[in-house]
Amino acid sequence: MDTFLQQIPKAELHIHIEGSLEPETMFALAKRNGIELAYKSVQEVRDAYNFQNLQSFLDLYYAGMSVLQTQQDFYDLTWAYLQKAAAENVRHTEIFFDPQAHTSRGIEFATVHTGIHQALQDAKEKLGISAYLILCFLRHLSAESAMATLEQALPYKDTIVAVGLDSSEMGNPPSKFQRVFDRAREAGFYTVAHAGEEGPPEYIWEAIKLLNVSRIDHGVRCVEDTQLVKYLIEQQIPLTVCPLSNIKLCVFDALEKHNIKQLLHMGLCVTVNSDDPAYFGGYVAENLQQTQQALGLSQQDIYQMMKNSFQATFLNPEEKQARIAELDHFMAISVG
Ligand code: ADE
Ligand code: ZN
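In this report, the structure presented in the accompanying data block is examined.

Criteria and cut-off values
Residues numbered from 1 in each chain as written. Chains lettered and ligands numbered in written order. Predicted model: local features only at pLDDT ≥ 70, side-chain atom pairs only at ≥ 80, totals over all residues. Heavy atoms only, no water. Phe/Tyr/Trp six-rings, centres within 6.5 Å; stacked < 30°, edge-to-face > 60°. Helix = DSSP H or I, 4+ residues; strand = E, 2+ residues; numbered from the N terminus. Buried < 20%, exposed > 50% of the residue type's maximum accessible area, 1.4 Å probe, protein only. Lys NZ or Arg CZ within 6 Å of the ring centre and 35° of its normal. Pairing = 2+ DSSP bridges. Axes fitted to C-alpha atoms, helices over the stretch in contact; angles between N-to-C directions. Contact = heavy atoms within 4.5 Å. Left-handed = near helix turned anticlockwise from the far one by under 90°. Nonpolar A, V, L, I, M, F, W, Y, C, P; charged D, E, K, R; others polar. Donors = N, O, S within 2.8 Å, 3.2 Å for Na, K, Ca; no water. Tetrahedral: all angles 85-135°; square planar, octahedral: opposite > 155°, others 65-115°. Near = heavy atom within 4 Å. Polar contact = N/O pair within 3.5 Å; in protein donor to acceptor, adjacent residues only side chain to side chain. Areas by Shrake-Rupley, 256 points an atom, 1.4 Å probe, with all protein chains shown as cover. 1 Å grid on protein atoms, 1.4 Å probe; cavity = no way out; pocket = protein on both sides within 12 Å on 5 of 7 lines; lining within 4 Å. Sits in = over half its atoms within 2 Å of the grid points. Points joined across faces, edges and corners; volume = space filled by probe spheres on them.

### Topic: the packing of aromatic side chains
- By the definition in use, this model includes 16 aromatic pairs.
- Both rings, one in Phe 57 and one in Phe 280, keep their centres 4.8 Å apart while their planes meet at 55°; by these two values the pair is tilted. Residue Phe 57 is located in helix H4 (residues 54-64), and its partner Phe 280 is located in helix H14 (residues 277-280); the two are separated by 223 residues in the primary sequence.
- Its relative accessible area of 2% is what places Phe 57 among the buried residues.
- Accessibility expressed as a relative area gives 2% for Phe 280, which makes it buried.
- Pairing Trp 205 with Tyr 231 gives two aromatic rings, centres 5.3 Å apart and planes at 50°, and the pair type is tilted. Separated by 26 residues along the polypeptide, Trp 205 in helix H10 (residues 201-209) and Tyr 231 in helix H11 (residues 226-235) bring together distant segments of the chain.
- An aromatic cluster of three or more residues is present, and its members are Tyr 49, Phe 51, Phe 57, Tyr 61, Tyr 62, Tyr 279 and Phe 280.
- Over the face of the ring belonging to Phe 189 we find Lys 157, whose NZ or CZ atom lies 4.8 Å from the ring centre.

### What to know about the sheet that holds strand E8 (residues 270-272)
- Taken in spatial order, the eight strands of this open sheet run E1-E2-E3-E4-E5-E6-E7-E8, and their pairing is parallel. Looking at the sheet topology across the chains shown, the edges are occupied by strand E1 (10-16) and E8. The average undirected angle you get between the axes of adjacent strands in this sheet is 25°.
- Summarising the sheet, strand E2 (residues 90-97) and strand E3 (residues 130-138) pair through six bridges and their orientation is parallel. Residue Glu 94 lies in a different strand from E3, and its bridge partner there is Tyr 132.
- Sheet strands in contact with helix H5 (residues 71-87) are E1, E2 and E3, and its direction is about 150° off that of E2.
- Most of the contacts of helix H9 (residues 178-186) go to strand E4 (residues 162-166), to which it runs at about 160°, and overall it touches E3, E4 and strand E5 (190-195).

### Quick notes on the packing of H10 against H11
- Two elements in contact, H10 and H11, have axes whose closest approach is 10 Å; the angle formed by their N-to-C orientations is 35°. Both H10 and H11 take part in a crossing whose hand is left-handed. In this structure, H10 contributes Pro 201, Ile 204, Trp 205, Ile 208 and Lys 209 to the contact, and H11 contributes Gln 227, Leu 228, Tyr 231 and Leu 232.
- Of the residues assigned to the contact of H10 with H11, the class counts are seven nonpolar, one polar and one charged.

### What to know about the coordination of the zinc ion (ligand 2)
- Protein coordination at the zinc ion (ligand 2) comes from His 14 (NE2), His 16 (NE2), His 194 (NE2) and Asp 275 (OD), with a distance range of 2.0 to 2.2 Å.
- Each of the four donor atoms bound to the zinc ion (ligand 2) contributes to angles spanning 83 to 173°, and the resulting shape is irregular.

### Re the site of ligand 1
- In the vicinity of ligand 1, the contacting residues are His 16, Leu 54, Phe 57, Leu 58, Tyr 61, Asp 166, Ser 167, His 194, Glu 197, His 218, Asp 275 and Asp 276.
- In this structure, a nitrogen atom belonging to ligand 1 sits 3.4 Å away from a side-chain N or O atom of His 16.
- Here Ser 167 contributes a backbone N or O atom positioned 2.8 Å from a nitrogen atom of ligand 1.
- In the complex, 100% of the free accessible area of ligand 1, which totals 270 Å², lies under the protein chains.
- With respect to the detected pockets, ligand 1 is housed in the largest cavity.
- With four residues, the single largest contributor to the shell around ligand 1 is H4.
- When grouped by side-chain class, the residues that make up the shell around ligand 1 number four nonpolar, four polar and four charged.

### Notes on the layout of surface pockets
- If you add up the space inside the largest pocket, you get close to 220 Å³.
- His 117, Leu 120, Ala 131, Tyr 132 and Thr 159 are, among the 14 residues lining the largest pocket, the residues nearest its centre.
- Elements with a minimum of two residues in the lining of the largest pocket: helix H7 (109-126) and E3.

### A closer look at the side chain of Ser 274
- Along the chain, the position of Ser 274 falls in the loop between E8 and H14.
- Overall, Ser 274 belongs to the buried group, its relative accessible area being 1%.
- In contact with Ser 274, not counting residues within four places along its chain, are Glu 12, His 14, Ile 15, Phe 280, Gly 282, Tyr 283, Val 284 and Asn 287.

These figures capture arrangement, not role.
Listed below in structure tokens is the structure:
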């Protein structure tokens, strides 16, 4: 089973590139940029990763990314993630980045974007992995700040497939960003949003009805609303579920209590993703391995979730079909 989970072709749809900043890289970049960290060692950093909720994680996440200063830093960060992803047979990935977390520190939008984008281009050529970019607005900041960020992104439209919504969910409902998302869709971006991670089912409804999202990021609290569950099944709106993240941020008490298997068996379009792998204890294969063990997922369950991921990508229909054919071929030779 472990080899099967390592090798099965994957798509990853919920990964914050800043959340792939490993403590070792944090120290290396701090040194390179002459930045003083609040920690003395890599071990001290790892020991600090003990979160009570989303906000306690976000505080360290935003502090950690202060080491990212130059285009090269953003390139190195992204390249390191893509190498790990390729090693786990991630065939396609759609990567979030948080420009406001950098522009608010005086880093130019172009510095962030160019560094990340260059790594994505190199990955296509050298690793054979395709990657799209999703610009996330920080929902704890104002709608005006999000709108200004959208304006900054317009010259890069061809290299950013969608906009999303992340950061502190409670008290920052999707409705706060309705106008920004209207404008983004007019400009030709797809939309996604974090909803129902800590927030209530109403936030998922708002993301669907007001922001017209193609996918819900997390969405695990949908089970509290039977009408919503019915709607998600009927419309096959994908949920990008992140099991290890949900445990680290205390959304569920233990992986054994996670509802991903229940959602899958009810017929929702669920996918498995890593969220912030450097902070939550593993990349996508590790998420699959631990979840499979804890919940006793079958190879058929895993296959269905991988197929859902490819279906849920922003790839065009031909590209989707080609990746699913590759997945089916893998199943035929490894399971029979
Ligand atoms: N930013 C990075 N990871 C996040 C998460 N899990 N929820 C909301 N915002 C985030
Ligand atoms: Zn996330």
